[in-house]
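Here are the chains, one letter per residue:
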Amino acid sequence: MNYLKKLYCRSFQTVFKLALPFLPYRKPKIVGSVTKLPEIIRKHKCTHVLIITDPGIRRLRLTGRLEQALRNAGISYTIYDKTVANPTTDNVEDALELYRSKHCSAIIGFGGGSSMDCAKAVGARIARPKQSLESMKGILKVRRKLPLLIAIPTTAGTGSETTLAAVITDANTRHKYAINDFPLIPRYAVLDPKVTVSLPPFVTATTGMDALTHAVEAYIGNSTTFGTRKDALTAVQLIFENLETAYENGFDIHARRNMLKASFYAGCAFTKSYVGYVHAVAHSLGGKYNVPHGLANAILLPFVLEAYGSSIHKKLHHLAVAAGLADPDTPCAEAAASFIQAIKDMKKRFQIGDTIPEIRKEDIPGLAHYADKEANPLYPVPVLMDAGELEKFYFMLMETPDGLPCTQDY
């Protein structure tokens, strides 16, 4: 990256960091079970709820306990269940039409990050009915109170129940972009482990590593605070202590609850301290090829950490200690190497590969351009890279004709 662009990025990030103490961040109120929601909905004087979810959640009948609780309390509800893996502008507009036609007054995002992002975007369109989603992309462009927004995560990974971001894919261009504003933070986050027990092992693994990516990128960035560092360390500890158990035994309620807590804390960390190039590259892959976000993050994480080099060794040392991989007196470089190797070992145990076969060489310049545009200057990464430098990560993920990772020199 050239000097002037570096200066611009770091100046932007410094101003944003100085402003952090004065910005209206808040944490959602935690609710332990979906059965407690009717009382909350009544408290807010809402009479008809729109539940936004996806076909898989509906097919597994995971909304059943919530629906029963609402019916028992005499609260009407409508379900929109067509959210796709990377929610599109069409999803948002269809759900918005349902919200209006059924005269709803509250929104529940029920599912993974896609359902919660769709719910947030619907809320943004309700708050700003004359604005398109595209006009609200970026930072602080909603600026109005949303209807009551409740998030019920069925995966322990995205952290969307805590964040001020909604990531949406344009249905026509397939470009993926984020809407970031404080009103998008849900009022309540329901951390109910019973809705996560049927999650398949592979999805448990990739979403858990998504949470790990959130915690790591928040911690190694340049805009941390005491609170975000504490949340990130807590999340890393919980993930290393519980993810494998949840993967091996999905009905372990203790492990599932702790993974939900890890996702929540990681979300609190990155919503304030932001993420980095793992996310920027992963978002471009999700937008172009519909690669699940957690999977893309899991594949990319060790590659990007290695690319940052010694600039993050001290911080990775802290994470390695939290994860139980190193002692406080372990040399920083050694602890950092142990932490990165532990991530690679987790990938192997969870059968997560190192490649994304959909990537085409001719697409890489465009993908890198989108990643550069998303990350710079917003993400306070430890080492700045421009589009040309980011291309190497896409080449790393390409398969050779024999199905092995590409070994091209960059």
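This text follows the structure it describes.
Because the structure is a prediction, the values reported are computed rather than measured.

Visitor: Whenever I open this one, the packing of helix H7 (residues 201-220) against helix H11 (residues 293-308) confuses me. Can you help?
Guide: Two quantities define a packed helix pair, namely the angle between the axes and the distance from one axis to the other. At a minimum axis separation of 7 Å, H7 and H11 run at an interaxial angle of 40°. Classified by the angle between their axes, H7 and H11 sit oblique to one another. Classified by chirality, the crossing of H11 by H7 is left-handed. Two secondary-structure elements touch here, H7 through Phe-202, Thr-206, Met-209, Asp-210, Leu-212, Thr-213, His-214, Val-216, Glu-217 and Ile-220 and H11 through His-293, Gly-294, Leu-295, Asn-297, Ala-298, Leu-301, Leu-305 and Tyr-308. Of the residues belonging to the contact of H7 with H11, the class tally is ten nonpolar, six polar and two charged.

Visitor: In this structure, what is going on with a positive patch on the surface? I would like to understand it.
Guide: Taken together, the side chains of Lys-29, Lys-43, Lys-145 and Arg-187 present a region of like positive charge at the surface. Here Lys-43 is to be found in helix H2 (residues 37-43).

Visitor: Hey, could you run me through the sheet that holds strand E3 (residues 76-80) in this one?
Guide: Within a sheet, neighbouring strands are paired by backbone hydrogen bonds and run either parallel or antiparallel to one another. Across the sheet, six strands lie side by side as E1-E9-E6-E4-E2-E3; this open sheet has parallel pairing. Edge positions in the sheet fall to strand E1 (29-31) and E3, since each has one partner strand and no second. Direction aside, neighbouring strands of the sheet carry axes that sit 20° apart on average. Two elements, strand E2 (residues 48-52) and strand E4 (residues 106-111), share four bridges in a ladder whose sense is parallel. Across the sheet, the residue bridging to Val-49 is Ala-106, located in E4. Seen against the sheet, helix H4 (residues 64-72) touches E2, E3, E4 and strand E6 (148-153) and runs at an angle of roughly 155° to E3. Lying on the sheet, helix H6 (residues 113-127) is in contact with E2, E4 and E6; it crosses E4 at an angle near 160°.

Visitor: Is there a simple way to think about the pairing of strand E8 (residues 176-180) in this case?
Guide: Side chains on a regular strand alternate between the two faces of the sheet. Most of E8 is tucked away: four of the five residues are buried. Relative to E8, strand E5 (residues 138-139) runs parallel, the two being bridged by two bridges. Within the sheet, the bridge partner assigned to Gly-138 lies in E8 and is Ile-179. Bridge count between strand E7 (residues 165-169) and E8: five bridges; the pairing is antiparallel. Across the sheet, Ala-166 pairs through a bridge with Ile-179, a residue of E8. The loop that links E7 with its antiparallel partner E8 comprises six residues; one of these, Arg-174, has a positive phi angle of about 65°.

Visitor: Just checking my understanding: could you explain a nonpolar patch on the surface for this structure?
Guide: Residues Tyr-3, Leu-4 and Leu-7 make up a contiguous nonpolar surface patch of about 370 Å² in total accessible area. Topologically, Leu-4 is positioned in helix H1 (residues 3-19). By relative accessible area, Leu-4 is classed as exposed at 64%.

Visitor: How should the sheet that holds E5 be read in this particular structure?
Guide: Here we have three strands laid out as an open sheet, ordered E5-E8-E7, and mixed in their pairing. Sheet topology places E5 and E7 at the edges, where each strand pairs with a single neighbour.

Visitor: Mind showing me how you'd approach the nonpolar core here?
Guide: One broad trend across soluble globular proteins is that nonpolar side chains are buried collectively. Among the nonpolar cores identified, the biggest contains 91 residues, and Tyr-277, Leu-285, Leu-305, Tyr-308, Phe-339 and Phe-393 are the most heavily contacted of them. If one sorts the elements of this core by residue count, H11 sits on top with ten residues. Apart from the residues lying within four places of it in its own chain, the contact partners of Phe-393 are Val-281, Leu-300, Phe-303, Val-304, Ala-307 and Met-385.

Visitor: Quick question: what am I supposed to make of the packing of H11 against helix H15 (residues 387-397) here?
Guide: Two elements in contact, H11 and H15, have axes separated by 11 Å at closest approach and are oriented at 135°. Classified by the angle their axes make, H11 and H15 are oblique. Crossing hand, H11 versus H15: right-handed. Listed contacts from H15 to Ile-299, Leu-300, Phe-303, Val-304 and Ala-307 of H11 are Lys-392, Phe-393, Met-396 and Leu-397.

Visitor: Any chance you could explain helix H5 (residues 89-101) here in plain terms?
Guide: An ideal rise of 1.5 Å per residue puts 18 Å on 13 residues; H5 measures up with 18 Å between its terminal C-alpha atoms. Where H5 is concerned, the buried positions are Thr-89, Asn-91, Val-92, Ala-95, Leu-96 and Tyr-99. For H5, the arc enclosing every buried residue in end-on projection is 150°, short of the 170-degree limit, so these residues lie on one face. Tucked into the core, H5 has its buried residues touching E2, E3, E4, H6, E7 and E8.

Conventions we followed
Residues numbered from 1 in each chain as written. Predicted model: local features only at pLDDT ≥ 70, side-chain atom pairs only at ≥ 80, totals over all residues. Heavy atoms only, no water. Axes fitted to C-alpha atoms, helices over the stretch in contact; angles between N-to-C directions. Helix = DSSP H or I, 4+ residues; strand = E, 2+ residues; numbered from the N terminus. Parallel < 35°, antiparallel > 145°, perpendicular 65-115°, else oblique. Left-handed = near helix turned anticlockwise from the far one by under 90°. Contact = heavy atoms within 4.5 Å. Nonpolar A, V, L, I, M, F, W, Y, C, P; charged D, E, K, R; others polar. Patch = residues over 30% accessible without salt bridge, like charges linked within 9 Å, V, L, I, M, F, W, Y side chains within 5 Å. Areas by Shrake-Rupley, 256 points an atom, 1.4 Å probe, with all protein chains shown as cover. Salt bridge = Lys/Arg side-chain N within 4 Å of Asp/Glu carboxyl O. Lys, Arg positive; Asp, Glu negative; His and termini not counted. Charge placed at Lys NZ, Arg CZ, Asp CG, Glu CD. Pairing = 2+ DSSP bridges. Buried < 20%, exposed > 50% of the residue type's maximum accessible area, 1.4 Å probe, protein only. Core = buried A, V, L, I, M, F, W, Y, C linked by side-chain atoms within 4.5 Å. Expected span 1.5 Å × (residues − 1). Arc of directions from axis to C-beta.

Everything listed here is a matter of geometry and, on its own, says nothing about what the molecule does.
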